[in-house]
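# Residue-level structural notes
These are the residues of each chain, in order.
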Amino acid sequence: MLELLSVQVKQGDNLFTYNSQVSKGAFCRIVGPSGAGKTTLLETIAGFNHIVAGEVSWQGQSFTYQKPESRPVSMMFQQDNLFAHLSVYTNIALGVRPSARLNAEERQQLQQLCVQLGIVDQLEKQPTQLSGGQQQRAALARAIIHKKPILLLDEPFSALDKKLREDCIALTDTMRKQYNLTVLMVTHHPKELDQVATQTIEIS
Ligand SMILES: Nc1ncnc2c1ncn2[C@@H]1O[C@H](COP(=O)(O)OP(=O)(O)OP(=O)(O)O)[C@@H](O)[C@H]1O
(Lines give C-alpha, C1' and ligand atoms only; values in the text may rest on other atoms or scores of the structure.)
Protein backbone atom coordinates (compact mmCIF):
# COMPACT_ATOMS: atom_id res chain seq x y z
CA MET A 1 0.00 0.00 0.00
CA LEU A 2 1.04 3.57 -0.73
CA GLU A 3 0.17 5.77 2.23
CA LEU A 4 0.26 9.52 2.81
CA LEU A 5 -0.24 10.43 6.45
CA SER A 6 -0.93 14.12 7.18
CA VAL A 7 1.57 15.10 4.51
CA GLN A 8 1.95 18.87 4.29
CA VAL A 9 3.47 20.67 1.32
CA LYS A 10 3.80 24.38 0.58
CA GLN A 11 3.38 25.73 -2.96
CA GLY A 12 3.67 29.53 -2.96
CA ASP A 13 1.07 30.76 -0.46
CA ASN A 14 -0.84 27.46 -0.50
CA LEU A 15 -0.42 24.77 2.16
CA PHE A 16 -1.69 21.37 1.00
CA THR A 17 -2.47 18.49 3.35
CA TYR A 18 -2.80 14.96 1.99
CA ASN A 19 -4.20 11.87 3.69
CA SER A 20 -4.55 8.96 1.27
CA GLN A 21 -4.14 5.23 0.97
CA VAL A 22 -3.71 3.52 -2.39
CA SER A 23 -3.81 -0.28 -2.50
CA LYS A 24 -0.92 -2.19 -4.06
CA GLY A 25 -1.82 -2.99 -7.65
CA ALA A 26 -4.56 -0.35 -7.83
CA PHE A 27 -5.41 1.81 -10.82
CA CYS A 28 -6.16 4.98 -8.91
CA ARG A 29 -7.64 7.98 -10.69
CA ILE A 30 -7.04 11.39 -9.16
CA VAL A 31 -9.71 13.97 -9.77
CA GLY A 32 -10.58 17.46 -8.54
CA PRO A 33 -10.95 21.03 -9.73
CA SER A 34 -8.15 22.96 -11.39
CA GLY A 35 -5.66 24.23 -8.83
CA ALA A 36 -6.83 21.75 -6.15
CA GLY A 37 -3.36 20.19 -5.90
CA LYS A 38 -3.45 17.05 -8.08
CA THR A 39 -0.09 17.64 -9.76
CA THR A 40 1.33 18.73 -6.40
CA LEU A 41 0.28 15.37 -4.96
CA LEU A 42 2.12 13.40 -7.67
CA GLU A 43 5.19 15.65 -7.44
CA THR A 44 5.22 15.16 -3.67
CA ILE A 45 5.14 11.36 -4.00
CA ALA A 46 7.88 11.58 -6.65
CA GLY A 47 10.07 13.69 -4.36
CA PHE A 48 10.01 16.99 -6.25
CA ASN A 49 8.45 18.97 -3.38
CA HIS A 50 9.72 19.65 0.10
CA ILE A 51 7.54 17.92 2.68
CA VAL A 52 6.94 20.17 5.68
CA ALA A 53 5.34 17.48 7.87
CA GLY A 54 3.84 13.99 7.72
CA GLU A 55 4.95 10.71 6.18
CA VAL A 56 4.85 8.97 2.79
CA SER A 57 5.35 5.21 2.78
CA TRP A 58 5.24 2.19 0.48
CA GLN A 59 4.53 -1.25 1.95
CA GLY A 60 5.12 0.16 5.42
CA GLN A 61 8.54 1.69 4.58
CA SER A 62 8.79 5.47 4.82
CA PHE A 63 10.38 7.28 1.86
CA THR A 64 9.40 10.78 3.00
CA TYR A 65 12.92 12.17 2.78
CA GLN A 66 14.44 9.98 0.06
CA LYS A 67 15.81 11.53 -3.13
CA PRO A 68 13.58 11.14 -6.21
CA GLU A 69 15.87 8.54 -7.80
CA SER A 70 15.79 6.30 -4.71
CA ARG A 71 11.99 6.29 -4.42
CA PRO A 72 9.87 3.33 -5.57
CA VAL A 73 8.34 5.63 -8.16
CA SER A 74 8.51 6.64 -11.82
CA MET A 75 6.61 9.59 -13.24
CA MET A 76 5.37 10.60 -16.65
CA PHE A 77 4.12 14.05 -17.56
CA GLN A 78 1.52 15.49 -19.94
CA GLN A 79 4.22 16.24 -22.54
CA ASP A 80 7.94 16.87 -23.04
CA ASN A 81 8.92 13.52 -21.52
CA LEU A 82 11.53 12.74 -24.18
CA PHE A 83 14.91 14.28 -24.99
CA ALA A 84 14.59 15.65 -28.54
CA HIS A 85 18.26 15.13 -29.47
CA LEU A 86 18.29 11.42 -28.56
CA SER A 87 16.77 8.51 -30.45
CA VAL A 88 13.57 6.93 -29.17
CA TYR A 89 15.61 3.82 -28.30
CA THR A 90 18.06 5.83 -26.17
CA ASN A 91 15.22 7.73 -24.51
CA ILE A 92 13.67 4.45 -23.41
CA ALA A 93 17.00 2.85 -22.46
CA LEU A 94 17.60 5.78 -20.09
CA GLY A 95 14.83 4.23 -18.00
CA VAL A 96 17.11 1.26 -17.35
CA ARG A 97 20.18 3.31 -16.39
CA PRO A 98 21.58 6.81 -16.97
CA SER A 99 24.25 5.54 -19.42
CA ALA A 100 21.52 3.91 -21.59
CA ARG A 101 24.02 1.06 -22.26
CA LEU A 102 22.05 -2.18 -22.15
CA ASN A 103 23.12 -5.80 -22.22
CA ALA A 104 21.58 -8.27 -24.68
CA GLU A 105 18.85 -9.37 -22.28
CA GLU A 106 17.86 -5.80 -21.44
CA ARG A 107 17.77 -4.89 -25.14
CA GLN A 108 15.48 -7.83 -25.77
CA GLN A 109 13.16 -6.75 -22.94
CA LEU A 110 13.04 -3.24 -24.38
CA GLN A 111 12.21 -4.58 -27.85
CA GLN A 112 9.47 -6.83 -26.44
CA LEU A 113 7.88 -3.99 -24.49
CA CYS A 114 7.94 -1.77 -27.57
CA VAL A 115 6.28 -4.49 -29.65
CA GLN A 116 3.46 -4.55 -27.09
CA LEU A 117 3.19 -0.77 -27.15
CA GLY A 118 3.24 -0.68 -30.96
CA ILE A 119 6.36 1.47 -31.29
CA VAL A 120 9.03 -1.10 -32.15
CA ASP A 121 9.39 0.37 -35.68
CA GLN A 122 10.05 3.83 -34.24
CA LEU A 123 13.12 3.13 -32.13
CA GLU A 124 15.75 4.59 -34.47
CA LYS A 125 13.81 7.82 -35.01
CA GLN A 126 14.05 11.11 -33.14
CA PRO A 127 11.03 11.86 -30.88
CA THR A 128 9.89 14.75 -33.09
CA GLN A 129 9.37 12.27 -35.97
CA LEU A 130 6.74 10.45 -33.89
CA SER A 131 3.05 11.27 -33.48
CA GLY A 132 1.83 12.54 -30.11
CA GLY A 133 0.42 9.12 -29.24
CA GLN A 134 3.66 7.35 -30.20
CA GLN A 135 5.69 9.82 -28.12
CA GLN A 136 3.55 9.17 -25.06
CA ARG A 137 3.80 5.41 -25.56
CA ALA A 138 7.60 5.77 -25.74
CA ALA A 139 7.48 7.75 -22.48
CA LEU A 140 5.30 5.02 -20.98
CA ALA A 141 7.85 2.40 -22.10
CA ARG A 142 10.64 4.31 -20.37
CA ALA A 143 8.59 4.62 -17.16
CA ILE A 144 7.74 0.89 -17.18
CA ILE A 145 11.26 -0.31 -17.96
CA HIS A 146 12.44 1.70 -14.96
CA LYS A 147 10.95 -1.20 -12.93
CA LYS A 148 9.62 0.90 -10.08
CA PRO A 149 6.42 -0.41 -8.48
CA ILE A 150 4.52 2.90 -8.50
CA LEU A 151 3.72 4.66 -11.78
CA LEU A 152 2.60 8.31 -11.54
CA LEU A 153 0.88 9.71 -14.61
CA ASP A 154 -0.05 13.39 -14.81
CA GLU A 155 -2.72 13.73 -17.51
CA PRO A 156 -0.48 11.65 -19.76
CA PHE A 157 -2.81 11.36 -22.74
CA SER A 158 -4.73 14.63 -22.58
CA ALA A 159 -3.15 15.99 -25.78
CA LEU A 160 -4.43 12.99 -27.76
CA ASP A 161 -7.83 12.59 -29.40
CA LYS A 162 -10.53 10.57 -27.61
CA LYS A 163 -10.03 7.25 -29.41
CA LEU A 164 -6.26 7.36 -28.93
CA ARG A 165 -6.71 8.28 -25.27
CA GLU A 166 -8.92 5.24 -24.77
CA ASP A 167 -6.38 2.97 -26.49
CA CYS A 168 -3.53 4.35 -24.37
CA ILE A 169 -5.55 3.95 -21.15
CA ALA A 170 -6.30 0.32 -22.04
CA LEU A 171 -2.59 -0.25 -22.78
CA THR A 172 -1.64 1.30 -19.45
CA ASP A 173 -4.04 -1.04 -17.69
CA THR A 174 -2.56 -4.06 -19.51
CA MET A 175 0.92 -2.91 -18.40
CA ARG A 176 -0.31 -2.43 -14.81
CA LYS A 177 -1.48 -6.03 -14.67
CA GLN A 178 1.50 -7.50 -16.50
CA TYR A 179 4.17 -5.66 -14.49
CA ASN A 180 2.24 -5.60 -11.18
CA LEU A 181 2.27 -1.80 -11.06
CA THR A 182 0.33 0.55 -8.82
CA VAL A 183 -0.87 3.34 -11.09
CA LEU A 184 -1.95 6.84 -10.02
CA MET A 185 -3.34 8.89 -12.88
CA VAL A 186 -4.46 12.53 -12.75
CA THR A 187 -7.32 13.06 -15.17
CA HIS A 188 -9.80 15.71 -16.23
CA HIS A 189 -11.85 12.97 -17.92
CA PRO A 190 -12.73 10.65 -15.01
CA LYS A 191 -15.41 8.81 -16.99
CA GLU A 192 -12.77 7.57 -19.43
CA LEU A 193 -11.22 5.60 -16.57
CA ASP A 194 -14.49 3.92 -15.50
CA GLN A 195 -13.46 0.60 -17.06
CA VAL A 196 -10.01 0.45 -15.46
CA ALA A 197 -10.08 2.46 -12.20
CA THR A 198 -10.16 0.36 -9.04
CA GLN A 199 -9.94 3.42 -6.79
CA THR A 200 -10.54 7.19 -6.94
CA ILE A 201 -8.97 9.99 -4.94
CA GLU A 202 -10.89 13.25 -5.02
CA ILE A 203 -8.85 16.32 -4.14
CA SER A 204 -10.80 19.30 -2.86
N1 LIG B 1 6.00 25.98 -7.90
C2 LIG B 1 4.91 26.62 -7.47
N3 LIG B 1 4.99 27.82 -6.84
C4 LIG B 1 3.89 28.45 -6.38
N5 LIG B 1 2.65 27.99 -6.52
C6 LIG B 1 2.51 26.80 -7.13
C7 LIG B 1 3.61 26.05 -7.64
N8 LIG B 1 3.14 24.91 -8.18
C9 LIG B 1 1.81 24.95 -8.04
N10 LIG B 1 1.42 26.06 -7.41
C11 LIG B 1 0.04 26.43 -7.06
O12 LIG B 1 -0.50 25.38 -6.27
C13 LIG B 1 -1.85 25.13 -6.64
C14 LIG B 1 -2.04 23.69 -7.03
O15 LIG B 1 -1.38 23.43 -8.26
P16 LIG B 1 -1.49 22.00 -8.97
O17 LIG B 1 -0.72 22.11 -10.24
O18 LIG B 1 -1.10 20.94 -8.01
O19 LIG B 1 -3.06 21.89 -9.25
P20 LIG B 1 -3.87 20.85 -10.12
O21 LIG B 1 -4.98 20.33 -9.28
O22 LIG B 1 -2.95 19.84 -10.71
O23 LIG B 1 -4.46 21.80 -11.25
P24 LIG B 1 -4.79 21.56 -12.81
O25 LIG B 1 -5.96 20.63 -12.84
O26 LIG B 1 -5.13 22.93 -13.30
O27 LIG B 1 -3.55 21.00 -13.46
C28 LIG B 1 -2.19 26.13 -7.74
O29 LIG B 1 -2.87 27.22 -7.16
C30 LIG B 1 -0.85 26.52 -8.28
O31 LIG B 1 -0.89 27.82 -8.79
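Rules used in this analysis
- Residues numbered from 1 in each chain as written.
- Predicted model: local features only at pLDDT ≥ 70, side-chain atom pairs only at ≥ 80, totals over all residues.
- Heavy atoms only, no water.
- UniProt positions renumbered as here; feature names shortened; annotations may be inferred.
- Helix = DSSP H or I, 4+ residues; strand = E, 2+ residues; numbered from the N terminus.
- Near = heavy atom within 4 Å.
- Polar contact = N/O pair within 3.5 Å; in protein donor to acceptor, adjacent residues only side chain to side chain.
- Areas by Shrake-Rupley, 256 points an atom, 1.4 Å probe, with all protein chains shown as cover.
- Nonpolar A, V, L, I, M, F, W, Y, C, P; charged D, E, K, R; others polar.
- Core = buried A, V, L, I, M, F, W, Y, C linked by side-chain atoms within 4.5 Å.
- Buried < 20%, exposed > 50% of the residue type's maximum accessible area, 1.4 Å probe, protein only.
- Contact = heavy atoms within 4.5 Å.
- Axes fitted to C-alpha atoms, helices over the stretch in contact; angles between N-to-C directions.
- Parallel < 35°, antiparallel > 145°, perpendicular 65-115°, else oblique.
- Left-handed = near helix turned anticlockwise from the far one by under 90°.

Looking at an unreviewed UniProt entry, one finds the chain named ATP-binding cassette domain-containing protein, with Spartinivicinus poritis as its source organism.

## Regarding the UniProt feature "domain: ABC transporter" (unreviewed entry) in the chain
Annotation from UniProt places "domain: ABC transporter" (unreviewed entry) at residues 2-203. Counted over residues 2-203, helix gives 30% and strand 26%. Its end C-alpha atoms are 16 Å apart.

## Structural notes on the site of the ligand
Taken together, 14 residues lie around the ligand, and S34, G35, K38, T40 and H188 are the ones closest in. In the environment of the ligand, an oxygen atom lies 2.9 Å from a nitrogen or oxygen atom belonging to the backbone of T39. A distance of 2.9 Å separates an oxygen atom of the ligand from a polar side-chain atom of H188. Out of a free accessible area of 640 Å², the ligand has 59% covered by protein chains. Taken together, the elements giving at least two residues each to the shell around the ligand come down to β2 (14-22) and α1 (38-46). Sorting elements by how many residues they give to the shell around the ligand places α1 first, with three residues. For the shell around the ligand, the residue count by class is three nonpolar, nine polar and two charged.

## With respect to the nonpolar core
Counting 37 residues, the largest nonpolar core has I92, L110 and L117 as its most contacted members. Those elements giving two or more residues to this core turn out to be α2 (88-93), α3 (104-116), α4 (132-145), β7 (150-154), α5 (162-179) and β8 (182-186). Top contributing element to this core by residue count: α4, with seven residues. Setting aside chain neighbours within four positions, we find L110 in contact with Y89, I92, A93, L102, L123 and I145.

## Topic: the side chain of T44
Here T44 lies in helix α1. A distance of 2.6 Å separates the side chain of T44 from the backbone oxygen of T40, its partner in a polar contact.

## As for the packing of α4 against α5
Here α4 crosses α5 at 15°, and the two axes come no closer than 11 Å. Relative to α5, α4 is oriented roughly parallel. The element α4 and its partner α5 pack so that their crossing is right-handed. For the pair formed by α4 and α5, the contact residues are G133, R137, L140 and I144 on the first element and L164, C168, L171, T172, M175 and Y179 on the second. Here the residues of the contact of α4 with α5 sort into seven nonpolar, two polar and one charged.

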